[in-house]
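Now for the letters of each chain:
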Amino acid sequence: MEMQLIDKATLARQLPSRAVALVLAGGRGSRLKQLTDHRAKPGVHFGGKFRIIDFALSNCINSGVRRIGVITQYKSHSLMRHLQRGWSFLRNEMNEFVDVLPAQQRVDEAHWYRGTADAIYQNLDILRTYRSEYVVILAGDHIYKMDYSRMLVDHVLLGAEVTVACIEVPRAEASAFGVMAVDESRKIIDFIEKPESPPAMPGNDNVSLASMGVYIFNTRYLERLLEEDIVLAGSSHDFGKDLIPKSVLEGKAFAHPFSLSCVMTESSGEPYWRDVGTVDAYWAANLDLASVTPELDVYDTNWPIWTLQEQLPPAKFVQDRNGSHGMTLNSLVSGGCIVSGSLVINSVLFSQVRIHSFCTVDSTVILPQVVIGRGSRIRRCIIDRACEIPENTIIGENAEDDERRFHRTETGVVLVTRDMLDKL
């Protein structure tokens, strides 16, 4: 037993340096509506100072996987600028890097990336230059903390050609995921991508075993699968629809429960993984960070979330012109913010937000460089970057007015963008 622990510890140190991570960051995320009109989903702001992609990249760095390629496609300028300015601290002379791999129609001049597998295939020549033994393939649009070195150890000890990270989800929600069935050795015996009627886990009809979109491949096996898949006329060139099911048929795929590698501050807590793919989910996940006991701990110094660190002054709270004090409760307030004599409750303020006097801001996510005019009342909103809210504006109190001016979800969350404000 002791020798096995020593071997695992040794593998956990060695394997990350023999792996390369490829982060799929080209998706739009259309369910986020106008939030992704000008940026890809992985580039959307999250948690007061981060971008969504920072979580996958931070997992790589903290796990020791310091060779990373980020594959981009849809409206990638904002994302690429963030990577260039915020992720240039890795040392190339120590074989550490974050390479940006934009869609270039590299294989032929007829197609951009046609699927997740095709995105890797079109960069296969670059992947080969990395000379890695293992490839960690990640979605760049999920919020979670995970130690990929533990998953690499599990992959090697299982003798797998491909390992799929999985999480238990309510069966009613499982149709949005790839769903798998496993045997007692964790070998995947069936895999269905986004089934209309998801199969349940044995012994629990209410839960399905879903793919997290995190895969580890042996490099040579991945190369073979990609080369065979690309010539198949009926293939959608997608991992969930094509490559993973084929590896399951070959008996080469194993499942890795998220609980084995999830990074948690409290051992009694539930593993945290979120796909903030809708306006409601994005709003709720941000506001959870401002709660008294958030489900995700971003204050864990043992597993920091890295990002672009702008040089900003501290947040400031001042009296209004009449000398009246404001109040801020259960809120995240980032650097460069100034709140003047206003009430801010259960909200998240990103950097350089300015809230003028006599305002009430409740349960609202405010992205960077927003200005809220004096006397405004804002409730249950997401306000996009650089919006300027006019004085005495009221949002979130009248559903009919909100639907006419902005985007309002069925649960009453209101999304406000600059384009919407320009049309008023």
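For the structure given in this document, a descriptive report is provided here. None of these values were measured; they are calculated from a predicted model.

What counts and how
- Residues numbered from 1 in each chain as written.
- Predicted model: local features only at pLDDT ≥ 70, side-chain atom pairs only at ≥ 80, totals over all residues.
- Heavy atoms only, no water.
- Core = buried A, V, L, I, M, F, W, Y, C linked by side-chain atoms within 4.5 Å.
- Buried < 20%, exposed > 50% of the residue type's maximum accessible area, 1.4 Å probe, protein only.
- Helix = DSSP H or I, 4+ residues; strand = E, 2+ residues; numbered from the N terminus.
- Contact = heavy atoms within 4.5 Å.
- Pairing = 2+ DSSP bridges.
- Phe/Tyr/Trp six-rings, centres within 6.5 Å; stacked < 30°, edge-to-face > 60°.
- Lys NZ or Arg CZ within 6 Å of the ring centre and 35° of its normal.
- Axes fitted to C-alpha atoms, helices over the stretch in contact; angles between N-to-C directions.
- Parallel < 35°, antiparallel > 145°, perpendicular 65-115°, else oblique.
- Left-handed = near helix turned anticlockwise from the far one by under 90°.
- Nonpolar A, V, L, I, M, F, W, Y, C, P; charged D, E, K, R; others polar.

**Looking at the nonpolar core**
Membership of the largest hydrophobic core comes to 41 residues, with the highest contact counts inside it found for I68, V70, L138, Y144, M146, M212 and V214. Mapped onto this core, the elements with two or more residues apiece are β1 (19-24), α2 (53-63), β4 (67-72), α3 (77-86), β6 (134-139), α6 (148-158), β8 (162-170) and β11 (207-218). Element by element, the count of residues in this core is highest for α2, at five residues. When near neighbours in sequence (up to four residues on either side) are disregarded, V70 contacts V23, A25, I53, L57, L83, V98, D99, V100 and L101. Judged by nonpolar contacts, the second largest core, of 36 residues, contains I71, Y113, Y215 and V248.

**Let's talk about the sheet that holds strand β27 (residues 394-395)**
Spatially, five strands are ordered β15-β18-β21-β24-β27 in an open sheet, and the strand pairing comes out parallel. One side of each edge strand has no neighbouring strand; the edge strands of this open sheet are β15 (327-329) and β27. Summarising the sheet, strand β21 (residues 360-362) and strand β24 (residues 377-379) pair through three bridges and their orientation is parallel. Within β24, the position partnered with V361 by the bridge is I378.

**A few points about the packing of aromatic side chains**
Applying the stated rule across the entire model yields 11 aromatic pairs. Note on F46 and Y282: the rings are 6.3 Å apart at their centroids and 65° apart in plane angle, and the pair reads as edge-to-face. Taken together, the positions of F46 in strand β2 (residues 45-46) and Y282 in helix α9 (residues 279-288) put the pair 236 residues apart, joining distant regions of the chain. Accessibility classification places F46 together with Y282 in one group, the buried group. One aromatic cluster is present, built from ring pairs that chain together F46, F50, F55 and Y282. Lying across the ring of Y272, R274 places its NZ or CZ 4.3 Å from the centre.

**Regarding the side chain of S235**
The topology assignment puts S235 in the loop between α7 (219-229) and α8 (239-249). With a relative accessible area of 13%, S235 lands in the buried category. The contact partners of S235, leaving out residues within four places of it in the chain, are D229 and D242.

**Observations regarding the sheet that holds strand β17 (residues 338-340)**
Read across the open sheet, the five strands follow the order β14-β17-β20-β23-β26; overall the sheet is parallel. What marks the edges here is a single partner per strand, and that holds for β14 (316-318) and β26 (388-389). Relative to strand β23 (residues 371-372), strand β20 (residues 354-355) is paired through two bridges, and the arrangement is parallel. Residue pairing across strands places I355 opposite I372, the latter belonging to β23.

**Brief notes about the packing of α7 against α8**
It is at 11 Å that the axes of α7 and α8 come closest, and there the two elements cross at 120°. Here α7 lies oblique to α8, going by the angle between them. You can see that α7 and α8 cross each other, and the crossing is right-handed. Packed against α7, whose contacting residues are Y221, L222, L225, L226, E228 and D229, the element α8 presents F239, D242, L243, K246 and S247 at the interface. Taken together, the residues that form the contact of α7 with α8 break down as six nonpolar, one polar and four charged.

**Quick look at the environment of S351**
Relative to the helices and strands, S351 resides in the loop between β19 (348-349) and β20. For S351, a relative accessible area of 10% gives the class buried. Separated by 16 residues in the primary sequence, S351 and L367 place their C-alpha atoms 7.4 Å from one another. Once residues lying within four places of it in the same chain are set aside, the contact partners of S351 are G48, E310, L312, S334, G335, C337, P368 and Q369.

**Quick word on unusual backbone geometry**
A positive phi is found at N346, a non-glycine position, where the angle reads about 50°. Mapped onto the secondary structure, N346 falls in the loop between β18 (343-345) and β19. Its relative accessible area of 31% is what places N346 among the partly exposed residues. Even without glycine at this site, Q352 takes up a positive phi of about 60°. When you line up the elements, Q352 lands in the loop between β19 and β20. Classification of Q352 by relative accessible area gives partly exposed; the value is 32%.

**Points about α2**
Along an α-helix, residues three or four positions apart point the same way, because every turn accommodates 3.6 residues. With 10 of its 11 residues buried, α2 lies for the most part within the structure. Every buried residue of α2 is accounted for by I53, D54, F55, A56, L57, S58, N59, C60, I61 and S63. Looking one or two residues beyond α2, the residue adopting positive phi is G64, at roughly 95°.

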